[in-house]
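Structural overview for review
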Protein chains: 2
Amino acid sequence: MESEEPLRDRLVDVGVELVLTEGVASLGLREIARRAGVSHGAPRRYFPTHQALLSAIARRGFADLAGRFAEAVDEAASPRTQLRALASAYVRYAQERPGMFELMFRHDLLRGQARAAGRPQLREATLPLFGRIVELVTRCREQEDQGPQDVPAAVTAVALWANVHGLTQLWGWGSIGLALGEDDSPRTGNRLDQLIDAVIDAHLGAADA
Amino acid sequence: MESEEPLRDRLVDVGVELVLTEGVASLGLREIARRAGVSHGAPRRYFPTHQALLSAIARRGFADLAGRFAEAVDEAASPRTQLRALASAYVRYAQERPGMFELMFRHDLLRGQARAAGRPQLREATLPLFGRIVELVTRCREQEDQGPQDVPAAVTAVALWANVHGLTQLWGWGSIGLALGEDDSPRTGNRLDQLIDAVIDAHLGAADA
DNA sequence: GCTCGACAGTAGACACTGTCTACGGTGACT
DNA sequence: AGTCACCGTAGACAGTGTCTACTGTCGAGC
């Protein structure tokens, strides 16, 4: 017996393990139950539907990501540095756990498929992150006095967030390497960092270097 | 008889119709065959697998999008205006045909699931677009003499492309409205245009207004 | 100490999916 | 007339998610 753990948690554990190693396509309800060593009907006791189970797994992903943010960001550093760290952590997470990242943003797999049921509740998970970005962007603007132009900080924050997310997505499925010529560069990681810097500079004005 | 059209094309037509009205989840192989009035085995004659059929449908989407680009962009206009038109067309397409847009970027549904088989062949569809963006960005830089900084044009182009794509994605699933407060604004379209402008200005320097 | 009932998990059915294979039927060409 | 390629049908197969009826098992109440 290695299963002191309640089944509910074990199912989510198995799901996380599974999505990390085999990808989101392998997250069948029966497959998870199989790997958890229970019958295919068992999960139903804890998760009314397949989507509910997947949502629980995705929630774990969001928690992980939040943890990464916490440990990546140095509260004492300049807001710009913090933003850089945030973006880097975001992209890096998607890089290391592509399956989980995909699941987290596959809204069709998560929660009530009908328009009924309580709010998405998962989208909220990204909101604290966004609030933080807004805050950092405003602080960044008033600290460095890059021309605050006429666009409100929230708009800049959204644009920046979208940029990082889009970058992550495109990078994830190889479009960027393909577009940039994929010049068999020694380390692609630097290329990615370069892109992140360019993105942040674009939205916040060139750095002070 | 209303089916002079060869079955191969009819299947794709039905698929397009279906994804536009019912979403990508409804694109079952049997469902498409059903709506085309043939048995569930018929598609196999023309598409060896379900993914192949979905790829054909997505390809139609890319063709549509290319058409939009062509008619949205005024070749004589300034490169910046052209970029704006391009981005606007992109976002607007995703807005009007969310199902098709989703399908076009659901790489797991398209083409060889194994890493074997010929090149993705679908990703190429986005490449001409990217080449055009690079060209417009460079022209934009040398025309207006916004500081060309030290980042190469290709990097800026990728960043810009990623930004537009990310914006589209986030907008598509409502995260943006949710993040910006969703202030029951009269017309959300303007909000989107405002964002697009902000994004382009960010990557290319503030406009000449 | 026995019964009762809530709970956890099993097992089978159902409708459905994508793939595969064998089969019919039609039309063109020799 | 015979043949052959092609198009589409129909059934089987393994697998899916959901639903329902059924077993155990354990703790509380009389």
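The sections below set out a description of the structure shown in this document. None of these values were measured; they are calculated from a predicted model. (Residues numbered from 1 in each chain as written. Chains lettered and ligands numbered in written order. Predicted model: local features only at pLDDT ≥ 70, side-chain atom pairs only at ≥ 80, totals over all residues. Heavy atoms only, no water.)

Of regular secondary structure, chain A possesses nine helices and zero strands. The N-to-C order of helical and strand elements in chain A reads α-α-α-α-α-α-α-α-α. For chain A, the residues scored as buried account for 47% of the 209 residues in total. Restricting to contacts in chain A with at least 6 residues of sequence separation, those with at least 24 account for 68%. For chain A, the accessible area works out to roughly 10,600 Å², and carbon and sulfur atoms hold 49% of it. (Helix = DSSP H or I, 4+ residues; strand = E, 2+ residues; numbered from the N terminus. Buried < 20%, exposed > 50% of the residue type's maximum accessible area, 1.4 Å probe, protein only. Contact = heavy atoms within 4.5 Å. Areas by Shrake-Rupley, 256 points an atom, 1.4 Å probe, with all protein chains shown as cover.)

As enumerated under the stated definition, the model contains 24 salt bridges over all chains in all. A salt bridge links Glu31 of chain B to Arg35 of chain B, with the shortest nitrogen-to-oxygen separation between them at 2.8 Å. Taken together, the positions of Glu31 of chain B and Arg35 of chain B, both in helix H2 (residues 29-36) and four residues apart, correspond to about one turn of that helix. If you follow the salt bridges from partner to partner, you end up with Glu102, Arg106 and Asp108 of chain A together with Glu102, Arg106 and Asp108 of chain B in one network. (Salt bridge = Lys/Arg side-chain N within 4 Å of Asp/Glu carboxyl O.)

We now examine the protein's contact with DNA strand D. Around DNA strand D lies a shell of 17 residues, among which Arg30, Arg44 and Thr49 of chain A together with Arg45 and Tyr46 of chain B are the nearest. Among the atoms of DNA strand D lying within 4 Å of the protein, the sugar-phosphate backbone contributes 55%. Here a base nitrogen of DNA strand D and a side-chain polar atom of Arg30 of chain A are 2.3 Å apart. With respect to DNA strand D, the side chain of His40 of chain B contributes an N or O atom lying 2.8 Å from a base oxygen. When residues in the surface near DNA strand D are grouped by element, the largest group, three residues, is from helix H2 (residues 29-36) of chain A. (Near = heavy atom within 4 Å. Polar contact = N/O pair within 3.5 Å; in protein donor to acceptor, adjacent residues only side chain to side chain.)

Contacts between the two partners involve 35 residues from chain B, matched on the other side by 35 residues from chain A. Summed over both partners, the interface of chain B with chain A buries about 3,100 Å², with 76% contributed by carbon and sulfur atoms. Summed over the shared surface of chain B and chain A, the number is two salt bridges. Linking Arg106 of chain B and Asp108 of chain A is a salt bridge whose minimum nitrogen-to-oxygen distance equals 3.7 Å. Counting the contacts that link chain B with chain A gives three residue pairs in polar contact (both at pLDDT 80 or more). The set of elements that each furnish at least two residues to the side of chain B that touches chain A consists of helix H6 (127-143), helix H7 (153-172), helix H8 (175-179) and helix H9 (188-204) of chain B. (Buried area = accessible area lost by both parts, 1.4 Å probe.)

This paragraph deals with the protein's contact with DNA strand C. Near DNA strand C there are 17 residues, and of these Arg45 and Tyr46 of chain A together with Arg30, Arg44 and Thr49 of chain B occur at the shortest range. In DNA strand C, atoms within 4 Å of the protein come 57% from sugar and phosphate. Within the backbone of His50 of chain B, one N or O atom sits 2.8 Å away from a phosphate oxygen of DNA strand C. Broken down by element, the residue count for the surface near DNA strand C peaks at three residues, all from H2 of chain B. Taken together, the residues of the surface near DNA strand C break down into five nonpolar, seven polar and five charged. (Nonpolar A, V, L, I, M, F, W, Y, C, P; charged D, E, K, R; others polar.)

Here the focus is helix H4 (residues 79-96) of chain B. For H4 of chain B, which comprises 18 residues, the first-to-last C-alpha distance of 25 Å matches the rise-based estimate of 26 Å (1.5 Å per residue) to within 8%. Most of H4 of chain B is tucked away: 13 of the 18 residues are buried. (Expected span 1.5 Å × (residues − 1).)

With the rule as written, the count across this model stands at 10 aromatic pairs over all chains. On the basis of an interplanar angle of 85 degrees and a centroid distance of 5.7 Å, the ring pair of Tyr90 of chain B and Phe101 of chain B is categorised as edge-to-face. Of this pair, Tyr90 of chain B sits in helix H4 while Phe101 of chain B sits in helix H5 (residues 98-104), and the two are 11 residues apart along the sequence. Through successive ring pairs, a cluster of aromatic residues spans Phe62, Phe69, Tyr90, Phe101 and Phe105 of chain A. (Phe/Tyr/Trp six-rings, centres within 6.5 Å; stacked < 30°, edge-to-face > 60°.)

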